[in-house]
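Residue strings, one per chain:
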Amino acid sequence: MALLEVSGLSKRFGQIWAVRDLSFEVERGEIVVLLGPNGAGKTTTLRCIAGVLLPDKGSIRINGTSILHDPVTAKRHLGYLPEFPQPMPYLTVWEHLELVARIHAMPDNWRQRANELIQRLNLTEWRDSLGKTLPKGVREKTILACAMLPEPPLLLLDEPIVAIDPIGQQVVKGMLRDLRERGHGILISTHILAFAEELADRIIMLDRGRKIAEGTPADLREKVHVGASAPLEQVFAKLLEQ
Amino acid sequence: MRLRQQWQTLLLLVVFAFIGLVAAIWVWISENVFLKPLPNRQVFWLVLAFLSSLPSFADPQNFIPRLPEWKLPQPIPARAMTVFLWLSEFANLFCFSLLLTLPAIVSASIVLKGAADVAAITMLVVVIALNACLGAALASLEMTRWRTKLALVGRLWRMWARALAISAIVLFVLFVVYLKAHIDWVKFVGWVETPVGMVILLPLMPAYHAIKAAFDGVIAVPILLTLFLAGFTAIMVWQALEVAAPFCEATFLRSERQQRLTKMGAWDAVTQEFVAKPIKSESGFGLKATSLLWLYWLNWKRNSLWAGELPALFIILFSAFVVEKGLPFPSLAIVILLLFYRVFFPHPPEWLKSQPISAGEAVLILALPSALRASGWSLAILFTLALLSPKGIGIANFFAFFLAMIALGFGIDFVVQALRASWWTKFQDFPWLAFVIAIVLGNLMFLTLTDHWLLGLLLSWAACIVLYLWAKERWLKEP
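Keep in mind the model is a prediction, meaning the values are calculated, not measured. (Residues numbered from 1 in each chain as written. Chains lettered and ligands numbered in written order. Predicted model: local features only at pLDDT ≥ 70, side-chain atom pairs only at ≥ 80, totals over all residues.)

Colleague: Would you mind going over the sheet that holds strand β2 (residues 16-26) of chain A with me for this structure?
Modeller: For sheets, the rule is that strands pair by backbone hydrogen bonds, running either parallel or antiparallel. Residue and element names in this part refer to chain A. Pairing within the open sheet is antiparallel, and its 4 strands lie in the order β2-β1-β4-β5. In the strand order of this sheet, the two ends are held by β2 and β5 (65-66), each with one partner. Two elements, strand β4 (residues 57-62) and β5, share 2 bridges in a ladder whose sense is antiparallel. What sits directly across from Arg-61, in β5, is Ser-66. (Pairing = 2+ DSSP bridges. Helix = DSSP H or I, 4+ residues; strand = E, 2+ residues; numbered from the N terminus.)

Colleague: Would you mind going over the interface of chain B and chain A with me for this structure?
Modeller: Frequently, the measure chosen for interface size is the accessible area that the parts lose on association. Contact with chain B, which involves 35 residues of that partner, is made by 39 residues of chain A. The element that contributes the greatest number of residues to the side of chain B that touches chain A is helix α13 (residues 292-302) of chain B, accounting for 5 residues. When grouped by side-chain class, the residues that make up the side of chain B that touches chain A number 17 nonpolar, 10 polar and 8 charged. (Contact = placed C-beta atoms within 7 Å. Nonpolar A, V, L, I, M, F, W, Y, C, P; charged D, E, K, R; others polar.)

Colleague: What exactly am I supposed to notice about the domain arrangement of chain A here?
Modeller: Residues and elements named next belong to chain A. Along its sequence, chain A is carved into domain 1 (1-77 + 154-242) and domain 2 (83-151). Here domain 1 and domain 2 have C-alpha centroids that lie 24 Å from each other. Residue-level contacts link 12 residues of domain 1 with 11 residues of domain 2. Those elements that provide at least two residues to the side of domain 1 that touches domain 2 are β7 (154-158) and α6 (166-181). (Domains from an automatic or database assignment.)

Colleague: Would you mind going over unusual backbone geometry with me for this structure?
Modeller: In most cases, non-glycine residues show a negative phi, while peptide bonds are predominantly trans. Residue and element names in this part refer to chain B. The phi angle at Arg-145 is positive, at roughly 60°, despite the residue not being glycine. Counting through the fold element by element, Arg-145 comes out in the loop between α5 (118-143) and α6 (151-177). Its 11 C-beta neighbours within 10 Å are what place Arg-145 among the exposed residues. You will see that Lys-288, though not glycine, has its phi angle at about 55°, which is positive. According to the C-beta neighbour criterion, Lys-288 is partly exposed, with 18 such atoms within 10 Å. (Buried ≥ 20, exposed ≤ 12 C-beta atoms within 10 Å, placed from the backbone.)

Colleague: Quick question: what am I supposed to make of the packing of helix α9 (residues 205-216) of chain B against helix α10 (residues 220-242) of chain B here?
Modeller: Two quantities define a packed helix pair, namely the angle between the axes and the distance from one axis to the other. Residue and element names in this part refer to chain B. Where α9 contacts α10, the axes come no closer than 9 Å and their chain directions differ by 145°. The hand of the α9/α10 crossing is left-handed. Facing Met-205, Pro-206, His-209, Ala-210 and Ala-213 of α9, the residues of α10 in contact are Val-221, Pro-222, Leu-225, Thr-226, Phe-228 and Leu-229. Residue classes in the contact of α9 with α10 are distributed as 9 nonpolar, 2 polar and no charged. (Axes fitted to C-alpha atoms, helices over the stretch in contact; angles between N-to-C directions. Left-handed = near helix turned anticlockwise from the far one by under 90°.)

Colleague: What is the right way to read the sheet that holds strand β9 (residues 202-207) of chain A from this model?
Modeller: Residues and elements named next belong to chain A. If you walk across this open sheet you meet the 6 strands as β6-β7-β8-β3-β9-β10, and the pairing is mixed. The strands lining the two open edges of the sheet, one partner per strand, are β6 (78-81) and β10 (210-215). Ignoring strand direction, the axes of neighbouring strands in this sheet form an average angle of 15°. Here β6 runs beside β7; their pairing, made up of 4 bridges, is parallel. Within β7, the position partnered with Leu-81 by the bridge is Leu-157. Across the sheet, helix α5 (residues 136-148) touches β6 and β7, and the angle it forms with β6 is around 170°.

And the structure:
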């Protein structure tokens, strides 16, 4: 059984299908990257999987539990970083972590884990700053720390490094690799192709809500008949042309 | 126009009609005790004159629209951009004043006279528009430091209007304090219409007499005052046009500063004069869904909402104290204050919604403080009325009111949660909103017909359950 099973997922906004009949899986110890042009349906897919949007059709199972039928149990198995991470304005960074620990009813050793995350993400100087005073990158790191704190088997990350400085980006990439080594599944949506190339075990390419290609970066290169050293931008453009 | 925008416009009209309807009910309920005698009516006019003249003394910075950063380097002439800014500000001020005052005036004049005087209402709309125009012109003069020749007159006008506003607040407090001392209101408000009173209150007089005309008919005085206001406004607009370029620049700079600070996440901190220094993180309470109460507590404490608790209680008790025999006015005050409190609690962001809490529990727990607040206020009202009313309050009505107010507290919170999720843009909201209006009106009717307390109580809780389902549905469907 895969960690995440998405089958026939469809979501419509008015007359427009944001996602249509999308099916894919994410295994344990795997990083899957969603790629696609603006409006391809990447964020909507992540929102449906995270349980913040109800799909119109299809099923989503996380660790064997359907997010539609038992959302509370399914959400215990996921951590989510939205595209626009908004901390609560009147909570400090540390209080955000405590809130998540309380919601997940984590045992008392959550503090040790929270301190580790704060140190690793270089949030020490912001630990006691209110959410409303945080710069954009720090907001992103704060919500990322919240997503990682309960160590969920599945992480859903929407543009996870877009506002983070280069050193922070290296740290985040390292943390994601560590999580993969420890058997966590990670689903990332991004426009940064170098980031996708560096981390992705598998890439799912979306366009206008539909899956147009899926495979390892090498598979995709083969599919569009370009050389092994061709940049991912070229693969991306060719797939969209096709 | 897209269908959605049409519905948004319709929603605005519904809200407008709702305010008018509430005002009419209020006037109808209080007809015999409040608005019928002339001095009370004059106080009513004076209060509405203040609201209609709000642009004359309001802080202009709150009404000027923010310019998006991409517009700053566009090759748009300063004069063209200024006209756009003025029009936007004028529209804001005009709609604001109109929405606040017109429904109450029209409703009251219909209730007291049986018909609205169309000519007088038209003149009133013109006065409100002139005030909005004057406010826009004074705003640009103020932002450019009153540098034109005749700007001093505008500055004096604004200072004068602001002094009157401060005096009005002082008088309001005195009104509350001396209410039971049987102050001679006839003498007091009669002074407003004497030549001396008219000169002292000149910035308010065009609006005051235009409102009065809606009740007493159009005579020479309101026409002359409207002409005076039109002339004065024209001079101020002419002066404001002289400073179009620096005004535009000042607005650009203000917008740019605001946008840069917003990007840095420091705008709130600057506007609230809050230094972004670290504070002491606190230990939380609650587990799973109940930990959301900790969230509420921190927001209440750090957003200084506690500072509003005593004034809110004062307003509630004051409303009970003034009306004495009736509950509708205090319960309307509860609705408004609950809405006021609720909008200061941020809508749960996406990452919080992805946490393992059931939607039903989250919606209920987030509404709990509103229900608690409503129950506390309703008890305060009931004990005040029990002390003041010679007959006291029947035990059934006591509990009916108390329980209905808890339902209202929950209900208002559910409405805010649901509407903030969809941000007033959904076609499906219309029947819901109509339902809410019906429930609030139903509640008010029930409170006036105390013999039907059981019906009212059942209606309140039935509405509360329906609104809960609505808020829950929105929590699930909207990010």
